[in-house]
Amino acid sequence: METLTYAQVLARFGHALSDQTRARLLLALRDGPGYPAELADLLGVTRQNLSNHLACLRGCGLVVAVPEGRRSRYELADARLGHALGDLLGVVLTTDPLACAESRTGTGGCC
């Protein structure tokens, strides 16, 4: 098994966040565990699309599936990730407070 460098690990994390659906999924899971059907409804995506994003996030080691009978519950792989996402969002909003405001008004932005 190949050992990843810090840069490679951060690049994988960046890849996970580079898609808006995956970012929204991580933020939803920050609030607590969820089931795929409920998460798909919450995010307004198909179950197949959500499944693909969950597979990506599992591959990056950011989420885990917890079997519950015939279903699986998804949650962040580590509670510290939820805190890190909050800190990262706080830094981004502090650095560029207009980014999300512009998105809400429909004039662009990144969020």
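Each value, and the rule that gives it
- In every chain, residue numbers begin from 1 and rise along the written sequence.
- For a predicted model such as this one, the threshold for reporting local features is a pLDDT of at least 70, and the threshold for listing and counting side-chain atom pairs is 80 or more; totals across whole chains, interfaces and linings nevertheless cover every residue.
- For the side-chain quantities, the full set of heavy atoms in the structure was used; hydrogens and water were omitted.
- Both cavities and pockets are sets of points on a 1 Å grid over the protein atoms alone; in a cavity a 1.4 Å probe fits but cannot get out, in a pocket the set is open with protein on both sides within 12 Å along at least five of seven lines, and lining residues sit with an atom within 4 Å of a point.
- Grid points are joined across faces, edges and corners, and a volume is the space filled by probe spheres set on the points.
- Amino acids outside the nonpolar list (Ala, Val, Leu, Ile, Met, Phe, Trp, Tyr, Cys, Pro) and the charged list (Asp, Glu, Lys, Arg) are all regarded as polar, and Gly is one of them.
- Here a Phe, Tyr or Trp ring, Trp counted by its six-membered ring, pairs with any other such ring whose centre lies within 6.5 Å, and the pair is stacked when the planes are under 30 degrees apart, edge-to-face when over 60, and tilted otherwise.
- For a ring to carry a charge above it, either NZ of a lysine or CZ of an arginine must fall within 6 Å of the ring centroid while also lying within 35 degrees of the normal to the ring plane.
- Numbering goes from the N terminus for both helices and strands, where a helix is a DSSP run of H or I of at least four residues and a strand is a run of E of at least two.
- Summary of the burial criterion: residues with accessible area below 20% of their type's maximum are buried, those above 50% are exposed, and those between are partly exposed, where the area comes from a 1.4 Å probe applied to protein chains only.
- What pLDDT expresses is the predictor's confidence in each residue, scored from 0 to 100.
- In what follows, a contact means two residues having at least one pair of non-hydrogen atoms within 4.5 Å.

Draft legend 1. Geometry of the layout of surface pockets. Quantified by volume, the second largest pocket comes out at close to 160 Å³. Across the lining of the second largest pocket, the residue classes break down as 5 nonpolar, 1 polar and 2 charged.

Draft legend 2. Representation of the packing of aromatic side chains in the model. Within the structure shown, the criterion is met by 0 aromatic pairs. Across the ring face of Tyr 35, the terminal group of Arg 71 is positioned such that the distance to the ring centre comes to 3.7 Å.

Draft legend 3. Seen up close, the environment of Leu 27. As for its placement among the helices and strands, Leu 27 is situated in helix H2 (residues 20-30). Residue Leu 27 is classed as partly exposed on the basis of its relative accessible area of 31%.

Draft legend 4. Region of interest: the confidence of the model for the protein chain. Of all residues in the protein chain, 86% attain a pLDDT of 70 or more, and the chain-wide mean is 88. When the elements of the protein chain are averaged for pLDDT, helix H6 (residues 98-105) gives the smallest value, 55, and helix H3 (residues 36-43) the largest, 98. Every residue in residues 102-111 is under pLDDT 50, and counting partners more than four places away or in other chains gives 11 contacts.

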